[in-house]
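So the chains spell out like this:
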Amino acid sequence: MRVRTRFAPSPTGFMHVGNLRTALYAYLYAKHFDGDFILRIEDTDRERYVEGAVDVIYSTLQKAGIGHDEGPDKDKGYGPYIQSERKPIYGKYAELLVEKGGAYYCFCDKERLESLKDENGVARYDKKCLRLSKEEVAERLKRGDPYVIRQNIPLDGVSEYEDMVYGKITVPNADMEDGVLLKSDGMPTYNFANVVDDHLMEISHVIRGTEYLSSTPKYNLMYDAFGWERPKYMHLPPIMKDAQHKLSKRYGDANFEDFIEKGYLPQAIVNYIALLGWSPKGNEEKLSIQELIQEFDVDGISKSGSIFDEQKMRWLNAQYIRETTEEEFLELATPWFEKSVIKGKYDYKLFASLLHSRVEILSEIPDMVAFIEDFSDYGISLYEHKKLKIDLNIAKQAVETSIEAVEPLTSFSVEDVHNALVAKAEEKGLKKGQVLFCARLAVTGKASTPGGAAEMAALLGKEETLKRLKFSRSLFNA
RNA sequence: GGCCCCUUGGUCAAGCGGUUAAGACACCGCCCUUUCACGGCGGCUACAUGGGUUCGAAUCCCGUAGGGGUCACCA
């Protein structure tokens, strides 16, 4: 049997990382078996439809590297792939299901349904309309009475199925309601549309969140009533915000697009979410999408929810950043340099090489780079360094030495500055570390900087370097 | 509340009757080093709980507790 999986989001806004992970797993599973991954848009609820949401779905999938084989834009003969365009199909199958006894027409209005509620406010439909005669139904239909079509669920017995992740799931039939399959506007509910579509599109494995775990028996009852073969099911544990809340779409920044804007690389996000709820056989956690396809296996999927840990995603992102070449990183960093105080000044290339091993997410760049412009009076106690045996006296000499070393330079590359500083240190009988450390400090006024004395000086240029060194020298005399 | 499901360190997790209970993030320490970072090495901390079954249970069974999901003309 050919493996065909699908991702069936409803276009209600941004792409939540939980949704994205569901799409990822469905994609990985299909590709692992060289099967097809289908995109279907579930827009049967006209009230929740959000303009532009479909575009977000396309662009997110595309950026994440999750390519679909079929979808609204790629009809391979199973279309349409947008549910609102399939309305006639559902009507037809709903009638067929009525004929087969798996469903029935219901004319009950809101008021009556309301009156069925118990003390907990839970309503259970009482199958009243199931008892209507064929003639009566036909007559009311002819009269144009509003109606819905409900699923006819047995009153007793149990329904069972084998979930690929959770194992055997057993639900008493009495606990399932005769849910609405076809709404009064003629649109199907999810409960019905997913069954019809999954069958018609020949979906072999239904992969979705656990919220459907206990309603799946209802769908199986429909497959059975139609005489269709049931698909395999793989339900996925939730991604949590904390121990008791699922990651919420409306709170915080749990959607893909926001992470991209924060300077996360798509590969890192995908890699991280792949690991939330699934673990590979080996110990390697940094996996490309190709490797994920290779390694993906149902056995590795866990049953309990996982808390989203941005810290770990940051770490993974840093791994991906370090793996880029100098050129690639410069390209990634440049837009962020442009947003910072160094815009148009300094050597982007040199700055990029300094930040390459220091940046975890790109949005840190403006802050990491701001120090260069921020030079003013600072406390000279910063010079004291036990291990390098630097006291204020040594520091003063080191700064003086730095000035002497740098002054005659005609070429000011990192290497030039470094060599000059080291040579002069030796000449003056100072340890090179002492001069280098003091020069760096003198030139930046900062306890720590991304790079050493030579890099900082090269970044600033000869003129500014000397200016700052002399200013620092004056601090010792104050 | 009924029903379904889940429970290993702060977090992600391996484990599927016999292990010194992996690994990763975070944290701490050391090394490398002109600061910071990278990198290397090391450390810290876990089987929710009570009963069984068994020569032996993190692993199997039952109960308890805690948590999640679901009970819509939403998906």
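That block above? That's the structure.
If you're wondering where the values come from, they're calculated on a predicted model, not measured in any experiment.

Chemist: What am I meant to see in the protein's contact with RNA strand B here?
Modeler: In the vicinity of RNA strand B there are 63 residues, among which Thr44, Lys183, Ser306, Arg358 and Thr449 approach most closely. Counting only atoms of RNA strand B within 4 Å of the protein, the fraction found in sugar and phosphate groups is 72%. Within the side chain of arginine 358, an N or O atom sits 2.3 Å from a base nitrogen of RNA strand B. Taking arginine 440, its side chain carries an N or O atom lying 3.4 Å from a base nitrogen of RNA strand B. When residues of the surface near RNA strand B are traced back to their parent elements, those giving at least two are β6 (167–172), β12 (306–307), α11 (310–323) and α17 (432–444).

Chemist: Looking at this structure, I do not really get the packing of aromatic side chains. What am I missing?
Modeler: Ring pairs (aromatic) are described by centroid distance and by the angle formed between their planes. Per the counting criterion, the structure on display carries 24 aromatic pairs. Ring plane angle 25° and centroid distance 4.8 Å describe the contact between tyrosine 190 and tyrosine 212, whose orientation is recorded as stacked. With a gap of 22 residues between them, tyrosine 190 in helix α6 (residues 190–200) and tyrosine 212 in the loop between β8 (205–209) and α7 (216–226) connect regions that are remote in the sequence. Overall, the relative accessible area of 22% leaves tyrosine 212 in the partly exposed class. Measuring from centroid to centroid gives 5.2 Å for tyrosine 383 and phenylalanine 476, while their planes differ by 50°, and the two rings are tilted. On the criterion of sequence distance, the pair formed by tyrosine 383 in the loop between α14 (365–369) and α15 (392–406) and phenylalanine 476 in helix α18 (residues 453–477) is long-range, its members being 93 residues apart.

Chemist: Which parts of the structure should I look at to understand the sheet that holds strand β7 (residues 180–182)?
Modeler: Strand pairing in a sheet is mediated by backbone hydrogen bonds. Such pairs are either parallel or antiparallel. Strand order across the open sheet formed by three strands is β3-β4-β7, with antiparallel pairing between neighbours. The strands lining the two open edges of the sheet, one partner per strand, are β3 (103–106) and β7. For this sheet, the mean angle separating the axes of adjacent strands, direction not counted, is 45°. Here strand β4 (residues 148–151) pairs with β7 via two bridges, running antiparallel. Its bridge partner being in β7, arginine 150 is matched across the sheet by valine 180.

Chemist: Before we go on, may I ask you to explain helix α2 (residues 53–64) in this structure?
Modeler: Side chains that are three or four residues apart share a direction in an α-helix, a result of its 3.6 residues per turn. Over its twelve residues, α2 extends 16 Å from the first C-alpha to the last, a length consistent with the 16 Å expected when each residue adds 1.5 Å. Listed in full, the buried residues belonging to α2 are Ala53, Val54, Ile57, Thr60, Leu61 and Ala64. When α2 is viewed along its axis, its buried side chains cluster within an angular range of 130° and face the same direction. Facing away from the buried side of α2, by more than 90 degrees, are the exposed residues Asp55 and Gln62. Check the buried side of α2 and you find it contacts β1 (4–7), α1 (17–32), β2 (36–39), α8 (256–261), α9 (266–275) and α10 (289–295). Count one or two residues on from α2 and you reach glycine 65, which has phi positive near 80°.

Parameters and conventions
- Residues numbered from 1 in each chain as written.
- Chains lettered and ligands numbered in written order.
- Predicted model: local features only at pLDDT ≥ 70, side-chain atom pairs only at ≥ 80, totals over all residues.
- Heavy atoms only, no water.
- Near = heavy atom within 4 Å.
- Polar contact = N/O pair within 3.5 Å; in protein donor to acceptor, adjacent residues only side chain to side chain.
- Helix = DSSP H or I, 4+ residues; strand = E, 2+ residues; numbered from the N terminus.
- Phe/Tyr/Trp six-rings, centres within 6.5 Å; stacked < 30°, edge-to-face > 60°.
- Buried < 20%, exposed > 50% of the residue type's maximum accessible area, 1.4 Å probe, protein only.
- Pairing = 2+ DSSP bridges.
- Axes fitted to C-alpha atoms, helices over the stretch in contact; angles between N-to-C directions.
- Expected span 1.5 Å × (residues − 1).
- Arc of directions from axis to C-beta.
- Contact = heavy atoms within 4.5 Å.

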